[in-house]
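Understanding the architecture of this molecule
So the chains spell out like this:
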Amino acid sequence: MFFAFFRPSGLVYKNRIDLKLRKTRTHANRGSSRHPLPIVQANTNPQISSVRIKEIFVNQFNQTEREKTLAFLSSTIIKCQAMQSKFAVGSSQHSLLKNRISALCIAKTLLSGEDASRYSEADLRKALPPIASILHKISKAQSKYETGTKQFARFEPILRAMEISQFVVAQQLSGEAPF
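This structure is a prediction, so every number in the text was calculated from the model and none was measured.

In this section: the overall build of the protein chain. Of the regular secondary structure elements, the protein chain holds seven helices and three strands. The helix and strand sequence of the protein chain, counted from the amino end, reads β-β-α-β-α-α-α-α-α-α. The buried share among the 179 residues of the protein chain stands at 36%. Pairs at least 24 apart in sequence give 66% of the contacts found in the protein chain among residues at least 6 apart.

Laid out in structure tokens, this is it:
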């Protein structure tokens with residue numbers, strides 16, 4: 001029997017190495033505050049219910065996690081803005097930070113429940129790659145440490161905040177209300 005993981009972005013990890021890694025993380029983090037994503041049996045139907053994925057994910061985070069995510073996003077935006085001034089306008093680092101700041105501001109607006117009508121569909125589409133990049137970067141950094149160490153656990157809240165951010169942007173893009 002083969003299992004797959006459904007992320008809020010709708011990505012499915014079919015690779016057995018990813019599956020084994022995710023099972024290890026899930027079992028090691030039983031006592032942590034992070035709610036691991038559920039393991040669900042792979043569906044051969046290509047039109048898996050996005051509503052079901054949404055139900056699974058929304059039920060896993062509450063108001064406290066939303067507040068933590070908003071605090072994390074605010075902090076990260078401030079840090080990125082401080083770093084951006086250190087790079088020349090037009091440099092790749094400056095552009096990267098500009099795109100990240102924009103994406104994080106969009107996620108923060110959506111998560112806080114403010115009016116999101118000022119963001120076009122193009123803005124929302126542009127916001128997903130920087131968030132995915134941050135998720136990838138944090139996952140890669142976390143994988144360098146053993147499960148259960150302080151260094152490994154340090155990345156958990158960041159991963160969760162970015163997963164929630166990616167989820168709300170994707171939901172807004174699909175036309176569904178994130179909450």
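What follows is about helix H4 (residues 92-112). Taking 1.5 Å per residue, 21 residues should reach 30 Å; H4 reaches 30 Å between its end C-alpha atoms and fits that length. All of the buried residues in H4 are His94, Leu97, Arg100, Ile101, Ala103, Leu104, Ile106, Ala107, Thr109, Leu110 and Leu111. Residues of H4 that are buried sit in contact with helix H3 (63-84), helix H5 (121-142) and helix H7 (156-173). Positive backbone phi, approximately 85 degrees, marks glycine 113, located one or two places after H4.

Under the defined criterion, the tally for this structure stands at four salt bridges. Between glutamate 121 and arginine 125 there is a salt bridge whose closest N-O contact spans 2.8 Å. Placement of the pair is glutamate 121 and arginine 125 together in helix H5, with a separation of four residues, close to one helical turn. By relative accessible area, glutamate 121 is classed as partly exposed at 47%. For arginine 125, a relative accessible area of 48% translates into the label partly exposed. Here glutamate 163 and arginine 160 are joined by a salt bridge, their closest N and O atoms 3.9 Å apart. Pair noted here: glutamate 163 and arginine 160 are both in helix H7, with a separation of three residues, about one helical turn.

The rules we used
- Residues numbered from 1 in each chain as written.
- Predicted model: local features only at pLDDT ≥ 70, side-chain atom pairs only at ≥ 80, totals over all residues.
- Heavy atoms only, no water.
- Helix = DSSP H or I, 4+ residues; strand = E, 2+ residues; numbered from the N terminus.
- Buried < 20%, exposed > 50% of the residue type's maximum accessible area, 1.4 Å probe, protein only.
- Contact = heavy atoms within 4.5 Å.
- Expected span 1.5 Å × (residues − 1).
- Salt bridge = Lys/Arg side-chain N within 4 Å of Asp/Glu carboxyl O.

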